[in-house]
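What follows is the residue order along each chain.
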Amino acid sequence: MILLELFLSFFKIGLFSFGGGYAMLALIQDEVVTRHHWVTMGEFTDIIAISQITPGPISINSATYIGYKTTNSIWGSVMTTFGVSLPSFLVIAFLIYFIAKCKNSPVLKSILLALRPVVIGMVLTAAVLLMNKENIFDIYSYIILVVSSVLSYYKKLSAFGMFIASSIVGILLYA
């Protein structure tokens, strides 16, 4: 029963998420932390951190990890990964057909323009969800947040570079 529940939850996440992995984070957090209590908020934050530094999309990495953690078996990982990936596959297959038929439609162009701010809003929601007392807990946390945001935006530092730099800062401050 838990395998079906995991599949359906992650299928729903995959079906209603637009804008990539970061946009999915709010929906994943709502399903796995708030609704089903499969992981705590602290564990969710750790899962996102690990998913960010491992190869592959953050949504699939986090789904795979949550599936395994919830069931202690590879089958949980298979169901969550398949669940979160299947909607994208189906939607892309449909869109390829639809866009080929309607590529010059002003209605389609209008829909795509309207989706842009929605995606930005979903990414911002994911960021705000992660800004809690478990993740930003002292003045150094705020400084790291601001400095890493500024460096990412203005210097276009890679996620890997930010990971290495923040790891070094964490060792120096908290070890």
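All values derive from a computational prediction rather than experimental measurement.

Parameters at a glance
Residues numbered from 1 in each chain as written. Predicted model: local features only at pLDDT ≥ 70, side-chain atom pairs only at ≥ 80, totals over all residues. Heavy atoms only, no water. Phe/Tyr/Trp six-rings, centres within 6.5 Å; stacked < 30°, edge-to-face > 60°. Helix = DSSP H or I, 4+ residues; strand = E, 2+ residues; numbered from the N terminus. Buried < 20%, exposed > 50% of the residue type's maximum accessible area, 1.4 Å probe, protein only. Lys NZ or Arg CZ within 6 Å of the ring centre and 35° of its normal. Axes fitted to C-alpha atoms, helices over the stretch in contact; angles between N-to-C directions. Left-handed = near helix turned anticlockwise from the far one by under 90°. Contact = heavy atoms within 4.5 Å. Nonpolar A, V, L, I, M, F, W, Y, C, P; charged D, E, K, R; others polar. Core = buried A, V, L, I, M, F, W, Y, C linked by side-chain atoms within 4.5 Å.

Undergrad: Outline the packing of aromatic side chains, listing residues and values.
TA: For the structure shown, the criterion picks out five aromatic pairs. With a centroid separation of 5.8 Å and 25° between ring planes, the pair formed by phenylalanine 7 and phenylalanine 82 is classed as stacked. Of the two residues, phenylalanine 7 is situated in helix α1 (residues 2–15) and phenylalanine 82 in helix α5 (residues 74–102); the sequence distance between them amounts to 75 residues. Using a relative accessible area of 15% as the deciding quantity, one classes phenylalanine 7 as buried. Note on phenylalanine 82: relative accessible area 46%, which makes it partly exposed. Pairwise contacts between aromatic rings join Phe7, Phe11 and Phe82 into one cluster. Lying over the aromatic face of tyrosine 153, lysine 156 brings its terminal NZ or CZ to 4.9 Å of the ring centre.

Undergrad: Tell me about the packing of helix α2 (residues 21–35) against helix α3 (residues 41–53), and name the residues and values.
TA: Orientation of α2 relative to α3, taken along the N-to-C sense of each, is 145°, at an axis distance of 11 Å. Where α2 crosses over α3, the two elements pack in a sense that is right-handed. Residue-level contacts link Tyr22, Leu25, Ile28, Gln29, Val32 and Val33 of α2 to Met41, Phe44, Ile48 and Gln52 of α3. Its residues placed into classes, the contact of α2 with α3 shows eight nonpolar, two polar and no charged.

Undergrad: Which residues make up the nonpolar core, and what values go with them?
TA: Of all hydrophobic cores here, the largest spans 19 residues; its most connected members are Phe10, Ile28, Val32 and Phe44. Counting only elements with at least two residues in this core, the list comes to α1, α2, α3 and α4 (58–71). Among the elements that line this core, the one with the most residues is α2, at five residues. Among all residues touching phenylalanine 10, those that are not within four sequence positions of it are Ile28, Val32, Trp38, Ala63, Ile66, Thr80, Gly83 and Val84.

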